[in-house]
Amino acid sequence: MKCFGNSELIINGDGSVFHLHLKPEQLADRIVLCGDPERVSMIAARFDTTECEVSNREFHTITGTYRGKRISVVSHGIGCDNIDIVINELDALANIDFASRTVRPEFRPLTMVRIGTSGGLQPFTPVGTYVAAEKSIGFDGVIYFYKGHETIRDTLLEDELIRQLDWNIPGLRPYVVSADASLIEQITRDDIMRGMTIAANGFYGPQGRELRLPLTEPELNRKIEAFRFENRCITNFEMESSALAGLAALMKHRAMTVCCIIAGRINKNMNTDYKNSLPALIEKVLDRI
């Protein structure tokens, strides 16, 4: 049986995992993820009881109960690199015995729903729309570092993306992964759109924003907006859904992302007061998770 060394699974002196500072008993099976550490408190304010609250850097966790369900709310910061940290450490908390540093004999599956914000790419995704990332297009490359990634990728859709977008950004091949189908069914109703979401590896250039630095491919967003495959199109940009869906699938957890559209990339409009758009989405996720 493999034993994880001290430098591979880093456990703090108090028995908590390195970045999240959580102990195994503090983690619920149902997890709501969000980027902003302050949003954790906003979500957990709806809890009936609070069990624990832990913070370290951008990682803020509150575990409690909501209508009889034990739920942990965890912030992950920005980007797929942070998702790599958070999902690996959540899985370690659930499935590795910290005393023996070995995998637990009984697999503990986690259910993870990320509540995020996003930029809409179509006329039918205006500001205020809720979009679930049924499929995620990763510009980040995180899952390529893990064995078996080819088994969870939609390579047919990847090839069509490369063709239609006339992809010419060197050293980077987009990948496509699906969210857990049963979780999509559980969370989405007629009030949440199912979409195809790009998880960009940056906020500016990778999402087609041009400030002082010129872009390698200034027409990329136009091509993205025009992309069609089996009567589907790309609905929105965000920055985490691909690594979340991909790593969770490889680890056999259930995961998905649902976003509130706060920017219209076609009309170039932005709702900077977007926090007022989130409460209804938060309540839907808490009710359905």
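Residues numbered from 1 in each chain as written. Predicted model: local features only at pLDDT ≥ 70, side-chain atom pairs only at ≥ 80, totals over all residues. Heavy atoms only, no water.

S.K.: Is there a simple way to explain a nonpolar patch on the surface in this structure?
M.R.: A cluster of nonpolar side chains, namely F203, Y204 and L211, defines an oily patch on the protein surface of about 340 Å² accessible area. The residue Y204 is located in the loop between strand 10 (193–199) and helix 5 (220–226) in this model. (Patch = residues over 30% accessible without salt bridge, like charges linked within 9 Å, V, L, I, M, F, W, Y side chains within 5 Å. Areas by Shrake-Rupley, 256 points an atom, 1.4 Å probe, with all protein chains shown as cover. Salt bridge = Lys/Arg side-chain N within 4 Å of Asp/Glu carboxyl O. Helix = DSSP H or I, 4+ residues; strand = E, 2+ residues; numbered from the N terminus.)

S.K.: What exactly am I supposed to notice about the packing of helix 2 (residues 80–95) against helix 6 (residues 241–251) here?
M.R.: Two numbers describe a pair of packed helices, the interaxial angle and the distance between the axes. Packing of helix 2 against helix 6 brings their axes to within 9 Å, and their N-to-C directions diverge by 30°. Viewed along their axes, helix 2 and helix 6 adopt a mutual orientation that is roughly parallel. Note that helix 2 runs across helix 6; the crossing there is right-handed. The residues of helix 6 that touch helix 2, namely those facing C80, I83, D84, I87, N88 and D91, are S242, A243, L244, L247 and M251. In terms of residue class, the contact of helix 2 with helix 6 is made up of 7 nonpolar, 2 polar and 2 charged. (Axes fitted to C-alpha atoms, helices over the stretch in contact; angles between N-to-C directions. Parallel < 35°, antiparallel > 145°, perpendicular 65-115°, else oblique. Left-handed = near helix turned anticlockwise from the far one by under 90°. Contact = heavy atoms within 4.5 Å. Nonpolar A, V, L, I, M, F, W, Y, C, P; charged D, E, K, R; others polar.)

S.K.: I would appreciate a short explanation of the pattern of salt bridges in the present structure.
M.R.: Two side chains with opposite charge may pair up if their charged atoms get near one another. Here the structure, examined in full by the defined rule, presents 19 salt bridges. Among the salt bridges present, the one from E185 reaches R194, with a minimum N-O distance of 3.2 Å. On the basis of relative accessibility, which here comes to 33%, the residue R194 falls in the partly exposed class. Connected via shared salt-bridge partners are E134, E185, R194 and R232. (Buried < 20%, exposed > 50% of the residue type's maximum accessible area, 1.4 Å probe, protein only.)

S.K.: Is there a simple way to think about unusual backbone geometry in this case?
M.R.: Trans peptide bonds make up the majority, and among non-glycine residues the majority have a negative phi. Despite not being glycine, R67 shows a phi value in the positive range, around 50°. On the basis of relative accessible area, R67 is assigned to the exposed category, the value being 60%. Of note, the phi angle at K252 is positive, near 75°, even though the residue is not glycine. Position of K252 among the secondary structure elements: in the loop between helix 6 and strand 12 (254–264). Relative accessible area serves as the criterion here: at 62%, K252 is assigned to the exposed category.

S.K.: Sorry, what's going on with the packing of aromatic side chains here?
M.R.: When we look at a pair of aromatic rings, we describe it by the centre distance and by the angle of the planes. Applying the stated criterion to the full structure yields 3 aromatic pairs. Summarising the aromatic geometry, the rings of Y144 and Y175 are spaced 5.6 Å apart at their centres and angled 70° between planes, so their arrangement reads as edge-to-face. Taken together, the residues span a long stretch of sequence, with Y144 in the loop between strand 8 (130–138) and helix 3 (155–164) and Y175 in strand 9 (residues 175–178) at a distance of 31 residues. Of the residues examined, Y144 reaches a relative accessible area of 29% and is grouped as partly exposed. Judged by its relative accessible area of 0%, Y175 is buried. Measuring from centroid to centroid gives 5.0 Å for F203 and Y204, while their planes differ by 80°, and the two rings are edge-to-face. Judged by relative accessible area, F203 falls into the partly exposed class, the value being 38%. (Phe/Tyr/Trp six-rings, centres within 6.5 Å; stacked < 30°, edge-to-face > 60°.)

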